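Results of the structural survey
Each chain, written out:
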Amino acid sequence: MTDSKYFTTTKKGEIFELKAELNSDKKEKKKEAVKKVIASMTVGKDVSALFPDVVNCMQTDNLELKKLVYLYLMNYAKSQPDMAIMAVNTFVKDCEDPNPLIRALAVRTMGCIRVDKITEYLCEPLRKCLKDEDPYVRKTAAVCVAKLHDINAQLVEDQGFLDTLKDLISDSNPMVVANAVAALSEIAESHPSSNLLDLNPQSINKLLTALNECTEWGQIFILDCLANYTPKDDREAQSICERVTPRLSHANSAVVLSAVKVLMKFMEMLSKDLDYYGTLLKKLAPPLVTLLSAEPELQYVALRNINLIVQKRPEILKHEMKVFFVKYNDPIYVKLEKLDIMIRLASQANIAQVLAELKEYATEVDVDFVRKAVRAIGRCAIKVEQSAERCVSTLLDLIQTKVNYVVQEAIVVIKDIFRKYPNKYESVIATLCENLDSLDEPEARAAMIWIVGEYAERIDNADELLESFLEGFHDESTQVQLQLLTAIVKLFLKKPTETQELVQQVLSLATQDSDNPDLRDRGYIYWRLLSTDPVAAKEVVLAEKPLISEETDLIEPTLLDELICYIGTLASVYHKPPSAFVEGGRGVVHKSLPPRTASNESTESPETAPAGAPSGEQPDVIPTQGDLLGDLLNLDLGPPVSGPPLATSSVQMGAVDLLGGGLDSLMGDEPEGIGGPNFVAPPAAAVPANLGATMGSGLSDLFDLTSGVGTLSGSYVAPKAVWLPAMKAKGLEISGTFTRQVGSISMDLQLTNKALQVMTDFAIQFNRNSFGLAPAAPLQVHAPLSPNQTVEISLPLNTVGSVMKMEPLNNLQVAVKNNIDVFYFSTLYPLHILFVEDGKMDRQMFLATWKDIPNENEAQFQIRDCPLNAEAVSSRLQSSNIFTVAKRNVEGQDMLYQSLKLTNGIWVLAELRIQPGNPSFTLSLKCRAPEVSQHVYQAYETILKN
């Protein structure tokens, strides 16, 4: 007979009988009684009165009975803490039992009894079990540490259990390693600041070794732990990827997704030129495809993850379009997800296949799915320009079916196609107009009205069509009313003589008879525009519209990077970061993909573009929301606070001292100290080529520019470039450049309002940057910025802001706020705006400093195609505060020795060799902070070539 009999009794006085049975001498009777107690407990009866009697049954060798008693104990220990202490003795004894199963059972139960009073008694048994000879006991004890930490974190730390847990990562048994990793990860999640999982190449190697021999859940713990590690370079990343790849063929889909997460993360560090990168892409496709043959619920989870992967790296699955074709028996949630991925993978190569498939779907019976399919055809037209014509003809075929909801969806997407490809497919308008009467959904009616208003000049009876909508104006939804108002105003501006009555009618309906404030406001705006300035009205209402973008539903890049780090978790199914749905701060750590390593950045480094390059060539250093929002949103976008200038010597950039502070010892506190009694002239060998001789009698060769102050003409100013296009800033376009005039730096901005509403309340804020650039005054836009108006502003800057080393060094991240929103952009400032006017170094000082700076800090560059002679070069550079300290002619070559100083006190010394008649110059730069040399060279190029 089965154990179900224990659940059927409902006798009165049962507790008393059970008490007697529990104290019976017969083992069988005891066991039966405990089973009855557990059954009563399971169905919700209160059997806590039997606590002492059940605890007495713990003293037994019978494993089954012991398990039952422990189960009871876990349930009632919290409500009977004083009684639970009675059990401690047995735990301590059981932890030394010769049977490893009993030792493990005791330690497991100890972790589940959440009673503070007992915890300290359990430390000794737990310590023994963590060092037990049997791996089964050790792996159970590892998990117990995490449970104990949850009850009393301080106790666990004081007892040194965390160190023991870290040691278990080196255990010989893979399951112990997996459980130790799981426990440490759990503890680390609840204490994000503690660096518990201090992973290094040695511990990673141990984890990878254990990975091959673990159970499937152990493998998941280890893979998730690996995903939190950042390799030191691309070679290490590749080696880890090679050892994780075999997990892709695992039967458990959770292991596969965890392996995909690790590979997707580490691929960020691999150069795309590597053969291995291509191999890895090929290996990632089959396991993802295999996941789609599982049951529908698993398919859905896989598809949601694939959706993220396709957005990040579409090349992985670009040849696998067919597996995303919908099957007749797929549930609707799987169908819709597959449809979304099909559109993301659509390209010129496979568009014919995709369109044929989508056209087939549009004839299905599931209305939701058909609507999505018709919309998908429109999205394909917008994404793959070459296919737009086929898509439009497919949509027209669907309209001919006269199926109401198909027609309505088709009209909505055709509106978007008109927006993407203006003046291309308007020939289909006649067909659309035939279906006017069948439209009953607000979105479709609004789309049709937009089409009629936008192309009123091509539709002979546009006024009649719009008038037919006007008859039931008050019964329409707000969306349709707003669209109708705009369409009739457009029609009036295109055909003023024929439609005066119609526009009067719609304006009075919208303003006098309507309760909707949006509609009323828009009506009044149009009315005033038309009555005061019809020309302005035409410019506003008939303004050229920006083209719509291809993929409107792509996940924002930084969020996508974060979600890639959460593949295989709920976050990847919801497409939201954990912070959006996990209550409380516990366990929510913002993750991001590792940065690309230096070896593969050399080819695409933004630093290689000259500082004065036109905006078209300017490297795209638009910052990620992660690094920008965090800093900029916390800043008050009001007027900047002007504090005392920072002491430059305290400004640290990264780990490198960029201040050239070592020069102070050479220069002394006072300039007069140079060449004083303590000054030792350097030997000629340490001096730049051919300069040693100048220290003797050849001084007549040298020329000294009269003063160390820059000329008033000001340094070179690059032409304005567009920094923030209107498309990305809700109609606000910002262009600008940087200038330096007589010692003051400014950012010259041009703000253009390309939106349809007035812009006010402007403010600006900079993120921390390499040289502490910050606005020295608020952004003054004196009058509201009307639509299509442009205003020029010069914003004074200072260099007393917060300092943080940027990549590239001259990257500036900016936030601009107005009454509409806050917008972010990044730009590169030319370094010569930071060259100060007192940057001329004394000759002796120049020689001593050149010698003092190590030779490995010297960088050589070629400046090509510059036809100037030495005099012109010297004078042009001086206007940008690059001063010639000495000039010499050696074997027909002009040698210019120059110095400049940056706002934060860094000195840069230069030797410029000019061969008369040869337009290529050689520039040698020496500086204590070699990372600025590349940017100084770019400044030389910019100044000399413009």
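Attention here is on the structure that accompanies the text. (Residues numbered from 1 in each chain as written. Predicted model: local features only at pLDDT ≥ 70, side-chain atom pairs only at ≥ 80, totals over all residues. Heavy atoms only, no water.)

**Describing the overall build of the protein chain**
We count it as follows: Per the convention used, a helix needs a DSSP run of H or I reaching at least four residues, while a strand needs a run of E reaching at least two, with both numbered from the N terminus. Only protein chains enter the calculation, and the probe is 1.4 Å; a residue is then buried if its accessible area is under 20% of its type maximum, exposed if over 50%, and partly exposed in between. Should any heavy atoms of two residues lie within 4.5 Å, those residues are considered in contact. Here the accessible surface of atoms and residues is derived via Shrake-Rupley with a 1.4 Å probe, and residues count as covered only by protein chains that are part of the display.
The helix and strand inventory of the protein chain stands at 36 helices and 13 strands. Looking at the protein chain as a whole, 51% of its 946 residues are labelled buried. Residue pairs at least 24 apart in sequence account for 69% of intrachain contacts in the protein chain once pairs closer than 6 positions are excluded. About 43,200 Å² of surface is accessible on the protein chain, with carbon and sulfur atoms providing 51% of the total.

**Describing helix α22 (residues 404–420)**
Inclusion rule: In this analysis, the expected span of each helix is defined as 1.5 Å times one less than the number of residues it contains.
The first and last C-alpha atoms of α22 sit 25 Å apart over 17 residues, in line with the 24 Å expected at 1.5 Å per residue. Burial in α22 covers these residues: Val406, Val407, Gln408, Glu409, Ala410, Ile411, Val412, Val413, Ile414, Ile417, Phe418 and Lys420. Residues of α22 that are buried sit in contact with α20 (367–383), α21 (388–400), α23 (429–434) and α24 (442–454).

**Brief notes about the side chain of Asp748**
Here is the rule: Charge counting follows a simple rule: Lys and Arg are positive, Asp and Glu are negative, and His as well as the terminal groups are ignored. Here, a salt bridge means any Lys or Arg side-chain nitrogen found within 4 Å of an Asp or Glu carboxyl oxygen. Whenever two N or O atoms come within 3.5 Å, that pair is a polar contact, provided that in protein one can donate a hydrogen and the other can accept it, and provided that, for residues adjacent in sequence, both atoms are side-chain atoms.
Secondary-structure assignment places Asp748 in strand β3 (residues 744–753). Salt bridges are absent for the buried Asp748, whose nearest opposite-charge side chain, Lys720, sits at 5.5 Å. A distance of 2.9 Å separates a polar atom in the side chain of Asp748 from a polar atom in the side chain of Ser794. Those residues in contact with Asp748, other than ones at most four positions away along the chain, are Lys720, Ser735, Gly736, Thr737, Thr739, Ile793 and Ser794.

**A short note on helix α36 (residues 933–945)**
With 13 residues, α36 extends 18 Å from end C-alpha to end C-alpha; this agrees with the ideal 18 Å at 1.5 Å per step. Judged by how many residues are buried, α36 sits mostly within the fold: 11 of 13 residues are covered. Where α36 is buried, its residues meet β9 (858–863), α35 (870–878), β11 (893–901), β12 (907–914) and β13 (921–927).

**Overview of a nonpolar patch on the surface**
Heads up, the condition is: To count toward a patch, a residue needs a relative accessible area above 30% and no salt bridge. Like charges then connect within 9 Å, nonpolar side chains (Val, Leu, Ile, Met, Phe, Trp, Tyr) within 5 Å.
A contiguous nonpolar patch, built from Leu570, Tyr574, Phe581 and Val582 and spanning about 340 Å² of accessible area, is present on the exposed surface. Here Leu570 lies in helix α31 (residues 570–574).

**Some thoughts on the sheet that holds β12**
Applied cut-off: Only strands that DSSP links by at least two bridges are regarded as paired with each other. Axes, fitted as lines to C-alpha atoms, cover a helix only where it is in contact. Angles between the N-to-C directions of the axes lie from 0 to 180 degrees.
Strands sit in the order β9-β13-β12-β11-β10 across an open sheet of 5 strands; the sheet is antiparallel. Across the chains shown, the open sheet's two edge strands, defined by having one partner strand only, are β9 and β10 (883–890). Within the sheet, the average angular offset between the axes of one strand and its neighbour, ignoring direction, is 20°. Pairing analysis gives 7 bridges linking β10 to β11, with the strands arranged antiparallel. When the sheet's bridge partners are listed, Arg888 is paired in β11 with Met895. Its contacts with the sheet put α35 on β10, β11, β12 and β13, and the angle it makes with β11 is roughly 5°. Contacting β9, β11, β12 and β13, α36 runs over the sheet at an angle of about 25° to β9.

**Looking at the pattern of salt bridges**
Considering all chains together, one arrives at 34 salt bridges under this definition. Across the pair Arg928 and Asp852 runs a salt bridge, and its minimum N-O distance is 2.5 Å. Remark: Asp852 occurs in helix α34 (residues 843–852) and Arg928 occurs in the loop between β13 and α36; sequence separation between them is 76 residues. A single salt-bridge network, built from bridges that share partners, covers Arg371, Arg375, Glu409, Glu441 and Glu443.

**Examining a negative patch on the surface**
This is how it is decided: One atom stands in for each charge, and that atom is NZ of Lys, CZ of Arg, CG of Asp or CD of Glu.
Together, Glu464, Glu467, Glu471 and Glu501 give the surface a local cluster of negative charge. Examined against the element boundaries, Glu471 turns out to sit in the loop between α25 (462–470) and α26 (478–494). Glu471 sits in the exposed class, given a relative accessible area of 70%.

**Topic: the sheet that holds strand β4 (residues 763–766)**
Spatially, β4-β7-β8 is the arrangement adopted by the 3 strands of the open sheet, whose pairing is antiparallel. A strand with exactly one partner marks an edge of an open sheet, and here the two such strands are β4 and β8 (822–828). Going from strand to strand, the sheet's axes swing by 25° on average, the running direction of each strand aside. Here strand β7 (residues 811–817) pairs with β8 via 7 bridges, running antiparallel. Residue Val814 lies in a different strand from β8, and its bridge partner there is Phe825.

**Topic: unusual backbone geometry**
Cis geometry is found at the peptide bond from Glu807 to Pro808, where omega equals -5°. Its place among the elements puts Pro808 in the loop between β6 (790–798) and β7. We note that His575 has phi near 60°; this positive angle belongs to a residue other than glycine. Structurally, the position occupied by His575 is in the loop between α31 and α32 (625–632).

**Description of the environment of Val936**
Structurally, Val936 is set in helix α36. Taking the relative accessible area as the measure of exposure, Val936 reaches 0% and is therefore buried. Note: C-alpha distance between Val936 and His832 (104 residues apart in sequence) is 7.4 Å. Setting aside residues up to four positions removed in sequence, Val936 forms contacts with Leu831, Leu900, Val908 and Leu925.

**A closer look at the packing of α22 against α24**
As a reminder, the rule being used: Oblique is the label for every angle not falling under 35 degrees (roughly parallel), over 145 degrees (roughly antiparallel), or within 65 to 115 degrees (roughly perpendicular). In a left-handed crossing the near helix is turned counterclockwise from the far helix by less than a right angle, and in a right-handed crossing that turn is clockwise. Polar here means any residue other than Ala, Val, Leu, Ile, Met, Phe, Trp, Tyr, Cys and Pro, which are nonpolar, and Asp, Glu, Lys and Arg, which are charged; Gly is therefore polar.
Following both chains from N to C, one finds α22 and α24 inclined at 40°, their axes separated by 8 Å at the closest point. Classified by the angle their axes make, α22 and α24 are oblique. In this structure, the crossing between α22 and α24 has a hand that is left-handed. Every residue of α24 that contacts α22 at Gln408, Ile411, Val412, Lys415, Phe418 and Arg419 is listed here: Glu443, Ala444, Ala447, Met448, Trp450 and Ile451. A class-by-class count of the residues in the contact of α22 with α24 yields 8 nonpolar, 1 polar and 3 charged.

Taken by themselves, the reported measurements are silent on function.
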